[in-house]
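Overview (structure and organization)
In case you want the letters, here they are:
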Amino acid sequence: MGRRFNVAVAGATGAVGQTMLKVLEERDFPVAELRPLASARSEGKTLYFKGQPITVRKLDHDSFDGIDIALFSAGGGRSLDFAPSAAQAGAVVIDNSSAWRMDPEVPLVVPEVNPHAVAGYKKKGIIANPNCSTIQMVVALKPLHDYAGIKRIVVSTYQAVSGTGQKAIDELEHQVRQWAETAPVQGKPKGYCGPYDYQAYPHQIAFNCLPHIDVFLDNGYTKEEMKMVNETRKIMEAPEIMVTATTVRVPVFYSHSEAVNISFERPISARKARELLENAPGIKVVDEPAASVYPMALDAEGQDLTLVGRIREDISAPNGLDLWIVADNIRKGAATNAVQIAELLIREYL
């Protein structure tokens, strides 16, 4: 039997944290001890790993003694506070928040795209997991960039409410149930969701689209949009790529969808793009439009693959392609990518 590793999961009771436990189990990660950590209000709760109950401990600065790998999904503030303590204790931190992503001394890693970057963990003991919408896009763009060289990316996202957390999932469900209970059989529903104190979003999310994810910045973009711009350049190691993004929250529970227009330095046909994507790691091409077969959020839910379809040449510009990219934002967009980074670590560095 090979070496086994002590693994901590900070934020273990959240949606991503619980999925991290599930993915560790599914992928048979060589865990010796699993240490679930969370805030004081979750201390003492019971979670299950490989059928065995494990008790949640309070996340603290002394929580990481003897830990080899610490998976963080506890929010940016807690990551800034506790990740250095975990690293000082000898753990390698894989952080799912935005706290460390643009730190020049912290690698930002998608294993299918830039696995070699993991080696940079030695500088601070921290590896950053990219934004969910960035991850699925760069997985699909990497083989195309290697072939034809990307000049510019225009992306519009259609992001599920689970990206905001459990309160947003609950809010969408509540609004849909309220609509179903009060809507007339015929005609326009009166008041739609009726009076409701919105908690997760500034407007009703049921039956609506909100072109607003995270806070607005001085340049008119949202923080989520600028994450896609800056993270894409860092992961692809191509600061010259021009990127513009519009991120939209839609009334879907799980899986983000993206319409991506790409301009290339060199010619690339839709046929060649399809061939490259079919042979790229982590991708499943779902592209038979004549049969109404294309990636959908419902298809991606629960999967670790990034689904790509609607592959076509841009009729408005030379050397351009359009893609439709869909992936489960909680799995590949967060938990699975983090575990894949951990697998790289133990295979090549620890």
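Calculation notes
- Residues numbered from 1 in each chain as written.
- Predicted model: local features only at pLDDT ≥ 70, side-chain atom pairs only at ≥ 80, totals over all residues.
- Heavy atoms only, no water.
- Buried < 20%, exposed > 50% of the residue type's maximum accessible area, 1.4 Å probe, protein only.
- Helix = DSSP H or I, 4+ residues; strand = E, 2+ residues; numbered from the N terminus.
- Pairing = 2+ DSSP bridges.
- Right-handed = clockwise from strand over helix to strand, strands pointing away.
- Contact = heavy atoms within 4.5 Å.
- Salt bridge = Lys/Arg side-chain N within 4 Å of Asp/Glu carboxyl O.
- Core = buried A, V, L, I, M, F, W, Y, C linked by side-chain atoms within 4.5 Å.
- Phe/Tyr/Trp six-rings, centres within 6.5 Å; stacked < 30°, edge-to-face > 60°.
- Disulfide = S-S within 2.5 Å.

**Some thoughts on the pairing of strand 6 (residues 69–72)**
- Neither face of strand 6 is open: one carries I69 and L71, the other A70 and F72, and all of them are buried.
- Bridge analysis of strand 1 (residues 5–10) against strand 6 gives four bridges, and the strand direction is parallel. Within the sheet, the bridge partner assigned to A10 lies in strand 6 and is F72.
- Where strand 6 meets strand 7 (residues 92–95), four bridges bridge the pair, whose relative direction is parallel. Looking across to strand 7, one finds that A70 is bridged to V93.
- Handedness of the strand 6-helix 2 (residues 76–88)-strand 7 crossover: right-handed.

**Concerning the environment of I153**
- Tracing the chain through its elements places I153 in strand 9 (residues 150–159).
- Judged by its relative accessible area of 0%, I153 is buried.
- Between the C-alpha atoms of I153 and F264, which are 111 residues apart in sequence, the distance is 9.1 Å.

**So, the side chain of K227**
- Inspection of the secondary structure assignment puts K227 in helix 5 (residues 223–236).
- For K227, a relative accessible area of 15% gives the class buried.
- Setting aside chain neighbours within four positions, we find K227 in contact with S98, R101, N131, T134, D214 and T232.

**Focus: the pattern of salt bridges**
- Counted according to the given criterion, the structure contains 17 salt bridges.
- Among the ionic pairs, R331 bridges to E26, the shortest N-O distance being 2.6 Å. With R331 in helix 8 (residues 331–348) and E26 in helix 1 (residues 15–26), this residue pair connects regions lying 305 residues apart in the sequence.
- The exposure class assigned to R331 is buried, which follows from its relative accessible area of 6%.
- By relative accessible area, which is 45% here, E26 ends up partly exposed.
- With a shortest N-O distance of 3.1 Å, R101 and E231 are connected by a salt bridge. Residue R101 is found in the loop between strand 7 and strand 8 (126–128), and its partner E231 is found in helix 5; the two are separated by 130 residues along the sequence.
- Assessed through its relative accessible area of 5%, R101 is described here as buried.

**A word on the nonpolar core**
- Counting 56 residues, the largest nonpolar core has F64, A70, F72, L141, L144, I153 and L323 as the members making the most contacts within it.
- No other element matches the eight residues that helix 3 (residues 132–148) contributes to this core.
- Once residues within four sequence positions are removed from consideration, I153 is found in contact with M137, L141, T232, I241, M242, V243, T244, V260 and N261.
- Of all hydrophobic cores here, the second largest spans 36 residues; its members include A12, M20, A38 and V92.

**Here's the deal with the environment of N319**
- The residue N319 is located in the loop between strand 13 (306–313) and strand 14 (320–327) in this model.
- Accessibility expressed as a relative area gives 26% for N319, which makes it partly exposed.
- Note: C-alpha distance between N319 and I262 (57 residues apart in sequence) is 8.4 Å.
- Beyond its immediate stretch of four places on either side in the chain, N319 contacts I262, S263, F264, E265, R266 and P267.

**What to know about the packing of aromatic side chains**
- Within this structure, the stated rule accounts for four aromatic pairs.
- For the ring pair F64 and F72, a centre distance of 5.7 Å and an interplane angle of 20° mean the geometry is stacked. Residue F64 shares its accessibility class with F72, and that shared class is buried.

**What about the state of the cysteines?**
- The final tally for this structure, using the stated rule, is zero disulfides.
- The thiol of C132 is unpaired, and the distance to the nearest cysteine sulfur, on C209, comes to 17 Å.

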